[in-house]
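Close look at the chain arrangement
Letter by letter, the chains look like this.
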Amino acid sequence: MMAMFEGFSPGQKKKTILFIVLSAFVLTNALIAEFTGVKIFSFGKLFGLEPFTLDGLISLSVDFNLSVGVLMWPLVFVFSDIMNEYFGKQGVRFISFLTAGMIAFGFAVVYAGTKLPAADFWLALNKLDKQGNAFDIDYAYSIIFRQGVGIMIGSITAFLVSQLIDVAVFKYLKGKTGSRKLWLRATGSTIVSQLIDTFVILTIAFYFFGNWNFNQVLSVAIVQYCYKVLIAILITPVIYVVHHIIDRYLGKELAYEMASMSKSN
């Protein structure tokens, strides 16, 4: 496998491998989040949390429901921030647009699959659920993945907008802090960008393309945003560990050179 890097200098080889690995993490986590995001699960039931009501300009019931896809999104932004640290906004923009394109491609392939005629033996083998009730697996397959079209449009829009905001906030904070306070750059940019991401994707996917009312959007958005902020804070030590591992892999001089160059691009 290393033959593909023949002719590369040691520094070029390390930079290329690092970019591929970080890009793979961003792309893979984003795709997983997209394809699992159609299910809304009860975080409250999982941990025994009771719903509560917020009274203010509007009365809003918050019952701790989350999209399964949201579980992965903090990792996407964490690895984007790490990429920003070494490759700057140009590197993050490249992987952001590539990821958006792969999400669209993935959904196009899956959506086309829902239009293909189902095999009779497959329908027969799966015609009953666990309780013995009649079950149309082809309809279930289609309805799940077609819900994903609205999520795809919403998430691509939200992903690109929030990623560009994340890059801008990260770059601004890095300009203020230099090589210090990595926790502030990573957490601060994620908190700002995820506010945009959470509300944009839920509004487009489930309000405009789905059947939710706006109160349901707000209820889920508040819980998801709080979850993302909490994870962004809790995962901060992991960022330092990953940063340390990368610095050791690159070597002190190359790591410093890449971090310095990332400020200007």
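The preceding data block contains the structure.
A short tour of the structure in this document, coming up. (Residues numbered from 1 in each chain as written. Predicted model: local features only at pLDDT ≥ 70, side-chain atom pairs only at ≥ 80, totals over all residues. Heavy atoms only, no water.)

**Re the nonpolar core**
We count it as follows: Nonpolar cores were defined as sets of buried Ala, Val, Leu, Ile, Met, Phe, Trp, Tyr and Cys residues, with membership established by side-chain atoms within 4.5 Å. Burial classes: relative accessible area under 20% of the type maximum marks a residue as buried, over 50% as exposed, and values in between as partly exposed (1.4 Å probe, protein chains only). Only DSSP runs of H or I reaching four residues or more are called helices, and only runs of E reaching two or more are called strands; each is numbered from the N terminus. It only takes one pair of heavy atoms within 4.5 Å for two residues to be counted as in contact.
L18, L22, I82, Y86 and L250 are the most contacted members of the largest nonpolar core, which totals 33 residues. Here the element with the most residues in this core is helix α3 (residues 73–114); it accounts for 14 residues. Each residue touching I82, except ones within four places of it in the same chain, is listed here: L22, I239, V242 and I246. Judged by nonpolar contacts, the second largest core, of 9 residues, contains L202, A205, W212 and V220.

**Here we look at empty space enclosed by the protein**
Our working rule: Space inside and on the surface of the protein is sampled on a 1 Å grid over the protein atoms alone, with a cavity defined as a set of points where a 1.4 Å probe fits but cannot get out and a pocket as an open set with protein on both sides within 12 Å along at least 5 of 7 lines; lining residues have an atom within 4 Å of a point. Grid points are joined across faces, edges and corners, and a volume is the space filled by probe spheres set on the points.
Tallying each qualifying case throughout the model produces 1 cavity of 30 Å³ or more. Lining the largest cavity are 16 residues, and of these S67, G69, V70, W73 and I201 sit closest to its centre. Taken together, the elements giving at least two residues each to the lining of the largest cavity come down to α1 (10–36), α5 (137–177), α6 (182–208) and α7 (214–234). Here the element with the most residues in the lining of the largest cavity is α6; it accounts for 5 residues.

**Considering the pattern of salt bridges**
This is how the line gets drawn: Salt bridge, as applied in this entry: a Lys or Arg side-chain nitrogen positioned within 4 Å of an Asp or Glu carboxyl oxygen.
As enumerated under the stated definition, the model contains 1 salt bridge in all. Between D197 and K228 there is a salt bridge, and its shortest N-O distance comes to 3.0 Å. Of this pair, D197 sits in helix α6 while K228 sits in helix α7; the two residues are 31 residues apart in sequence, bridging distant segments of the chain. With respect to class, D197 is no different from K228; both count as buried.

**Notes on α6**
To be explicit about the condition: To estimate how far a helix should extend, the number of its residues minus one is multiplied by 1.5 Å. At any given residue, the bend is defined as the angle formed between two axes, one fitted to the seven residues that end at that position and one fitted to the seven that begin there.
With 27 residues, α6 ought to run about 39 Å at 1.5 Å a step, and its terminal C-alpha atoms sit 38 Å apart, in line with that. Along α6, the sharpest kink reaches roughly 25°, centred on S193.

**What about the packing of aromatic side chains?**
Keep this limit in mind: Here the aromatic set is Phe, Tyr and Trp, taking the six-membered ring for Trp, and pairing holds for ring centres within 6.5 Å; pairs whose planes are under 30 degrees apart are stacked, those over 60 apart are edge-to-face, and all others are tilted. For a ring to carry a charge above it, either NZ of a lysine or CZ of an arginine must fall within 6 Å of the ring centroid while also lying within 35 degrees of the normal to the ring plane.
In the structure shown here, the tally under the stated rule is 8 aromatic pairs. When the centroid spacing of 6.0 Å and the interplanar angle of 40° are considered together, the rings of F19 and F94 count as tilted. Taken as a pair, F19 in helix α1 and F94 in helix α3 lie far apart in primary sequence, 75 residues in all. Ring geometry for F43 versus F47: centroids 4.8 Å apart, planes at 45°, classification tilted. On the criterion of helical spacing, the pair formed by F43 and F47 is a turn pair, its members being 4 residues apart in helix α2 (residues 43–47). Taken together, the ring pairs connect F19, F87 and F94 into an aromatic cluster. Sitting over the ring of Y249, K14 keeps its end group 5.7 Å from the ring centre.

**With respect to the packing of α6 against helix α8 (residues 236–250)**
Heads up, the rule is: Comment: axis = line fitted to C-alpha atoms, over the contacting stretch for helices; angle = value between 0 and 180 degrees taken between N-to-C directions. Orientation is classified from the angle alone, with under 35 degrees giving roughly parallel, over 145 giving roughly antiparallel, 65 to 115 giving roughly perpendicular, and any other angle giving oblique. By the definition used in this description, the sense in which the near helix is turned from the far one sets the handedness, with an anticlockwise turn below a right angle giving left-handed and a clockwise turn giving right-handed. Gly counts as polar in this scheme, as do all residues outside two lists: the nonpolar Ala, Val, Leu, Ile, Met, Phe, Trp, Tyr, Cys and Pro, and the charged Asp, Glu, Lys and Arg.
Following both chains from N to C, one finds α6 and α8 inclined at 125°, their axes separated by 10 Å at the closest point. The orientation of α6 relative to α8 falls into the category oblique. The two elements α6 and α8 meet at a crossing, and its hand is right-handed. The segment α6 lies against α8, with L182, W183, A186 and T187 engaging T236, I239, Y240 and H243. Among the residues making up the contact of α6 with α8, the classes are represented as 5 nonpolar, 3 polar and no charged.

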